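Next come the chains, spelled out residue by residue.
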Amino acid sequence: MDPIGDAEFSSWMDRLGPFERLPVVAVACSGGADSLALTILADAWARSRGGQAIALTVDHGLRADSAAEAETVGRWLAAREIPHHVLRWEGAKPGTGIQAAARRARYALLEDWCRQEGLLHLLLAHHRDDQAETLLMHLARGSGVDGLAGMAPITETRALRLLRPMLDAPHARLEATLAARGLVWVEDPSNRNPLFRRVRMRGLLSSAGILAGEGLDSRRLAKTAQGLSRARGSLETAGARLLAVCADLHPAGFVRLDPVSFARAEPEIRLRALAALCRCLGGAVYPPRLERLERLERALTDGLAARRTFQGCVLAPWEGGVLIQREVRAMAAPVAIPPGGSARWDGRFTARIGGGCGPMRLGALGIEAWRQVRRDGAARGGIPGSVCPTLPALFDDSGLVAIPHLGFCRPGMEGAADAEILFTPERALGPVRHCLV
């Protein structure tokens, strides 16, 4: 396999632009062959433009030698004058679903670091073989277009752009790139553990695997994912247009859906729009299973007759339409906010309080507190009564302090009236677009 040269890598990065005039990019670097090759190539690319690549290694703390490996990666990169930071996953680890939990923690740590440092671009080392394995895994789950489209070259979140410049390159070329430069890399033993589904899929696609023997290799599967990715982009646009017509999103985090306009759309567009609504309002990390989503879509199209729950949301008939709101029992526990600080809660709201306030907690208003403020004459301000217990509220050691969406503030706590609580969901209803100025 030929190594990847700087010119070829530069052409891949050009597809992912625009970038700043002096680009500074972060690179997720575990020290494995894939991420180390990406780091070396990204460093050369950024330097040639007067910028910089910064390597980030996440130490999950799942293996006894993980900290030492992270330090080793740091020494390798220091020898090439590439800045390097280790991000540690602290706290208790789950007993099951460890790979999925580690993945969520890894992305959270990487994104938080980039946001704090003001970096917009995070490079990820996923390659062609990863893409093929992802397609097979989603195919086994019965996924629709979204899952089968695999990983996108560009994923834009609230805070940054996740960039995958090497989706056209096989793993062997990344190893060849390091070998040509006389570099070694870390081997993660979990990459050979057949207990993990991805490892088993990798075996099917290997040169001795069943699928590869039938001509279904990683190149062909990745090509299939590429075509489905284009279809996904068109469907995303159509779904966003449908939601602009039939969904009225309130800043308090609920939606009134017009079922008549919704039913006029094509079934695939309805499914996409409904999934986007529920992920936005429910704060779900992963998209819903297609079978469950199809059942809910049929119920809406036929005319929703009764309350239903789905992916952390409640859907119910309301004033000639359908009300979609957060499910009370699915909401997150309260989080602390220091004086003059901010916090995110439930994957949906960001709050900021003034320095004149004492420490507070941000959490759901709750049914009992809502009953109390309603007895005291608090107005709903056009917010449905069933939504009110789900509203974000501020508390201190004495109890409820403020409900900004209802204009409520406890007497004597007028300083909290200036608190700002914004609906900032992890998943927007439509595609996110960052703009460089």
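What this report covers is the structure whose coordinates are included nearby. None of these values were measured; they are calculated from a predicted model. (Residues numbered from 1 in each chain as written. Predicted model: local features only at pLDDT ≥ 70, side-chain atom pairs only at ≥ 80, totals over all residues. Heavy atoms only, no water.)

What follows covers the overall build of the protein chain. Broken down by element type, the protein chain carries 14 helices and 19 strands. Against the compact-globule benchmark of 22 Å for 437 residues, the protein chain has a radius of gyration of 24 Å, which places it among compact chains. With the C-alpha coordinates aligned to their principal axes, the bounding extent of the protein chain is approximately 75 × 50 × 45 Å. When the 437 residues of the protein chain are sorted by exposure, 46% land in the buried category. Considering only contacts within the protein chain whose residues lie at least 6 apart along the sequence, 66% involve residues at least 24 apart. Within the structure as shown, the protein chain displays about 21000 Å² of accessible surface, and the carbon and sulfur contribution to it stands at 52%. Looking at charge distribution, the protein chain has the averaged site of its 55 positive side-chain charges lying 4 Å from that of its 47 negative ones. (Helix = DSSP H or I, 4+ residues; strand = E, 2+ residues; numbered from the N terminus. Rg over C-alpha atoms; globule rule 2.2 N^0.38 Å. Buried < 20%, exposed > 50% of the residue type's maximum accessible area, 1.4 Å probe, protein only. Contact = heavy atoms within 4.5 Å. Areas by Shrake-Rupley, 256 points an atom, 1.4 Å probe, with all protein chains shown as cover. Lys, Arg positive; Asp, Glu negative; His and termini not counted. Charge placed at Lys NZ, Arg CZ, Asp CG, Glu CD.)

Here His138 lies in helix α5 (residues 128-140). Here His138 falls in the partly exposed class, since its relative accessible area comes to 23%. Sequence separation between His138 and Leu148 is 10 residues; the distance between their C-alpha atoms is 6.0 Å. Those residues within four positions of His138 in sequence are excluded, and the remaining contacts are Ser143, Gly147 and Leu148.

Attention shifts here to the pattern of salt bridges. This model, assessed by the stated rule, comprises 18 salt bridges. With a shortest N-O distance of 3.8 Å, Asp59 and Arg88 are connected by a salt bridge. Residue Asp59 is found in strand β2 (residues 52-59), and its partner Arg88 is found in strand β3 (residues 84-88); the two are separated by 29 residues along the sequence. With a shortest N-O distance of 2.9 Å, Glu69 and Arg63 are connected by a salt bridge. One salt-bridge network, in which partners are shared between bridges, spans Arg63, Asp65 and Glu69. (Salt bridge = Lys/Arg side-chain N within 4 Å of Asp/Glu carboxyl O.)

Another point: the side chain of Glu111. Checked against the element boundaries, Glu111 lands in helix α4 (residues 98-117). The buried charged residue Glu111 lacks any salt bridge partner; its closest oppositely charged side chain belongs to Arg115, at an N-O distance of 5.5 Å. Excluding its chain neighbours within four sequence positions, the residues that come into contact with Glu111 are Thr157, Leu160 and Leu162.

Next up on the list: the packing of aromatic side chains. One pass over the structure, following the stated rule, counts four aromatic pairs. Residues Phe9 and Trp12 carry aromatic rings whose centres are separated by 6.5 Å and whose planes lie at 70° to one another, so their mutual orientation is edge-to-face. Separated by three residues within a single helix, Phe9 and Trp12 lie in helix α1 (residues 6-14), roughly one turn from each other. Aromatic pair Phe19 and Trp45: ring centres 5.0 Å apart, planes at 65°, arrangement edge-to-face. (Phe/Tyr/Trp six-rings, centres within 6.5 Å; stacked < 30°, edge-to-face > 60°.)

Time to look at the nonpolar core. Leu257, Phe262, Leu274, Leu300, Leu315, Ile324 and Leu394 are the most contacted members of the largest nonpolar core, which totals 46 residues. No other element matches the 10 residues that helix α12 (residues 267-282) contributes to this core. Beyond its immediate sequence surroundings of up to four residues, Leu394 is in contact with Ile337, Ile353, Met360, Arg361, Leu362, Gly399, Leu400, Val401, Ala402, Ala419 and Ile421. (Core = buried A, V, L, I, M, F, W, Y, C linked by side-chain atoms within 4.5 Å.)

As paired elements, strand β12 (residues 335-337) and strand β15 (residues 360-364) share three bridges and run antiparallel to each other. Residue pairing for β15: Val335 is matched across the bridge by Leu362. (Pairing = 2+ DSSP bridges.)

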